[in-house]
Amino acid sequence: MKKFDVIIVGAGPGGLFAGYKLAGKLSVAIFDMGRDIDKRKCPSDLSQSFCQKCKPCNITYGVGGAGGLSDGKLNYPIPEFPSSFTVGGDLLGLVDTEYLLKKMEEVDEIFLKHGAPDEVYGTDMEKVNEFLRKANSAGIEFVPLKQRHVGSDELPKVIKSIEKYLKDNGVKIYTRKTVVDINPKEKVITLKNGEKYAYDYLIIGVGRGGSEWLEKWVKQYNIAVSEKAKFIDVGVRVEVPASIMDEITSVIYDPKLRVLTKRHDDYVRTFCTCPRGWVIREDYGDFCLVNGHSKAKEKTNNTNFALLGHYEFTEPFEEPNEWGRDLARITTKLGGGNPIVQRLRDLRLGRRSTERRIANNRLVQPTLKTAIPGDISLAYPGRVIDDIIDALEALDKVIPGVADDSTLLYAPEIKFYSLRLKVNSEMETSIPNVYAIGDGAGVSRGIVGAAVTGLIAAESILRKAKKSS
Ligand SMILES: Cc1cc2nc3c(=O)[nH]c(=O)nc-3n(C[C@H](O)[C@H](O)[C@H](O)COP(=O)(O)OP(=O)(O)OC[C@H]3O[C@@H](n4cnc5c(N)ncnc54)[C@H](O)[C@@H]3O)c2cc1C
C-alpha cells in the first residue's frame, strides 16, 4: 500500500493552502472527488429542468473547492472593528488575534503571488465611516472589512497557478477520487474504487459538500464534536439595478449589513454581494439553491446579494439542516426542478409572479434565465417571508431603492451550518495527527478562513514531524 507523510482530503482552499505550506517539505497527497480546475465547467445552458449534467456538480466539487468557480471575494478583518473578525467563521475562538492576522497576511500574499488583483476595497476610511454612520443611524449594523475581488473569470487561473506550484514542489493531486472511509487506528484511507493509502498525518478539508459524509464518519469513529449544527440561514437572493448599489459597492465591494427585523426581532444579514454580476444555481441532488458571482472584466447591469435570516433550533427538533433541505426541496419542486424568482411587488400582494409580470419589470430583468416565476411564500414559512420584507424595508434607508416593487427575489437561498468538530488551536481533532480544517469541520465560513485553517494545521504537522525526525 502506498504511504504518504500527509494525506489531505479535499482540494478546496483549506486543502490547497495546507498543501502549499507542506510542499517540498514532506510527502503529500491531496485527494478530491471533483475534477481538476480546468475541467470544471458549468454547462451554460441550464434550460433543462434540474441540471444533472455534472456528477459531482462542478460548481461545488473539485480542485479549488466550492470557491473554485466563485466570485473569489477575499475578506480580511480590520482590527479597529472587532465585529469584522466574525465574518467568515469564528477563528478567534481558537487562535489569538496576532497569529490570526499573521496567517491572513500569509494567505493574502500567496493569493497575490498567484495572480489576485492589487486593488483592495474597504480602505477609504472616510467613506467607510460615512457609510457606517448612515447605517447605524438607520438602526443597521455595518461590518467594515478589507476585501479583494478576484472574479469568477480570473479565480480559476489563480487556482491553476497554486496547483502548479504544489505539483512543481512534489505534491500529488488525485482528482475524481472520493474518500469513503478513514480508519484512524490503521491510519489508512479507502477510496470509492477500493484503493487504500496510508498516512502519518491526515487533514480533512471536505467542505460543506462533504459535510454529510463527515457527519457519518464522526459518528462511526466517535470523534469529538464541539457543537452540533443548531443554526441555519434561510432567505433569498436579491437582484436590483446595479445603479442603486454602485455608490456603496465601489467603496465596499460586499457590504455586510445586519438587521434585527421589526416583526420577529430576527437577525437578518446581507451576504455575498455580486456587483454587476449574475445569479446562478447550484445543484445538490434532489434540490437546487441559488448563489451569485461576478467577473473581473465582463459586467451586467444588475447587482445581487443574499439576504439571509438566521434561525436557531433547540428542542425537541434539533435538525436545522433537515428543515433547510425540506424548504429547498419544496421550493425546487414548485419551480419544476428550478429556483423560483418573484418580484417584491408580487410577494407583497400575496400572488405569484408570472412570465408576463417579470417581462414587464423594466427596471430589472433576471440574470438567471432558468429561474421560474412563482410564489416564494408557498414554499417558505410566513416568519421567513416577514423577515425578508422587513429587512429589505430597513435596508432601503441606506440603499434607497432596494425595497422597490421591482426588486427580484430568488429562492431557495440557504446556507447550511456544518457540525463543528472539536479541534485544538492547531486544528487537531480528538484523534492525534488527524486534523480537520475549513467549512466542513465548521471552523470557517469562507475562502480566507478555510485557507488560514489549512496553514495552521500544516504548521502543526511540520513542528511534529521535525520533533520526531
Ligand atoms: C458559488 C459559491 C460562491 C462562493 N463565493 C465565495 C466568495 O466570494 N468568498 C468567500 O470567501 N467564500 C465564497 N464561497 C464559500 C467558499 O467557497 C468556501 O467557504 C470555501 O471554499 C471553503 O473551503 P474548504 O476548503 O473548507 O472546502 P471546499 O471549498 O468546499 O472544498 C472541499 C473539497 O473537498 C472535496 N470533497 C468533499 N468530500 C470529499 C470526499 N469524501 N472525498 C474527496 N474529496 C471530497 C470537494 O470536492 C471539494 O473540492 C462561495 C461558495 C460557493 C458555492
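Reading the values: rules and limits
- Residues numbered from 1 in each chain as written.
- Predicted model: local features only at pLDDT ≥ 70, side-chain atom pairs only at ≥ 80, totals over all residues.
- Heavy atoms only, no water.
- Salt bridge = Lys/Arg side-chain N within 4 Å of Asp/Glu carboxyl O.
- Helix = DSSP H or I, 4+ residues; strand = E, 2+ residues; numbered from the N terminus.
- Buried < 20%, exposed > 50% of the residue type's maximum accessible area, 1.4 Å probe, protein only.
- Polar contact = N/O pair within 3.5 Å; in protein donor to acceptor, adjacent residues only side chain to side chain.
- Contact = heavy atoms within 4.5 Å.
- Near = heavy atom within 4 Å.
- Areas by Shrake-Rupley, 256 points an atom, 1.4 Å probe, with all protein chains shown as cover.
- Nonpolar A, V, L, I, M, F, W, Y, C, P; charged D, E, K, R; others polar.

Per an unreviewed UniProt entry, the protein chain is named FAD-dependent pyridine nucleotide-disulphide oxidoreductase, and its organism is Archaeoglobus profundus.

Participant: Please provide a residue-by-residue account of the pattern of salt bridges, values included.
Facilitator: One pass over the structure, following the stated rule, counts 39 salt bridges. Two residues, D38 and K160, come together in a salt bridge whose shortest N-O distance is 3.1 Å. Residue D38 is found in the loop between β2 (28-31) and β3 (73-76), and its partner K160 is found in helix α4 (residues 155-168); the two are separated by 122 residues along the sequence. Judged by relative accessible area, K160 falls into the partly exposed class, the value being 29%. Of the charged contacts, one joins R258 and E141 as a salt bridge, the two residues approaching to 3.4 Å between their closest N and O atoms.

Participant: Explain the side chain of N361 to me, using residue names and the numbers behind them.
Facilitator: You can see N361 is positioned in the loop between α9 (355-359) and β18 (372-373). Among the residues examined, N361 registers a relative accessible area of 4% and is labelled buried. Of the polar contacts made by the side chain of N361, one reaches the backbone oxygen of S406; its length is 2.8 Å. When neighbours within four sequence positions are excluded, N361 is seen to be in contact with R343, S406 and L408.

Participant: Outline the site of the ligand, listing residues and values.
Facilitator: Around the ligand, a shell composed of 35 residues is seen, among which D32, A66, K73, D439 and I447 lie nearest. Backbone polar atom of G62 to an oxygen atom of the ligand: 2.8 Å apart, as the coordinates give it. The backbone of V206 places a nitrogen or oxygen atom 3.5 Å from an oxygen atom of the ligand. Summarising the interface, the protein chains cover 93% of the accessible area of the ligand, which totals 990 Å² for the free molecule. Taken together, the elements giving at least two residues each to the shell around the ligand come down to α1 (13-22) and α11 (447-468). Tallied by class, residues from the shell around the ligand come to 11 nonpolar, 16 polar and 8 charged.

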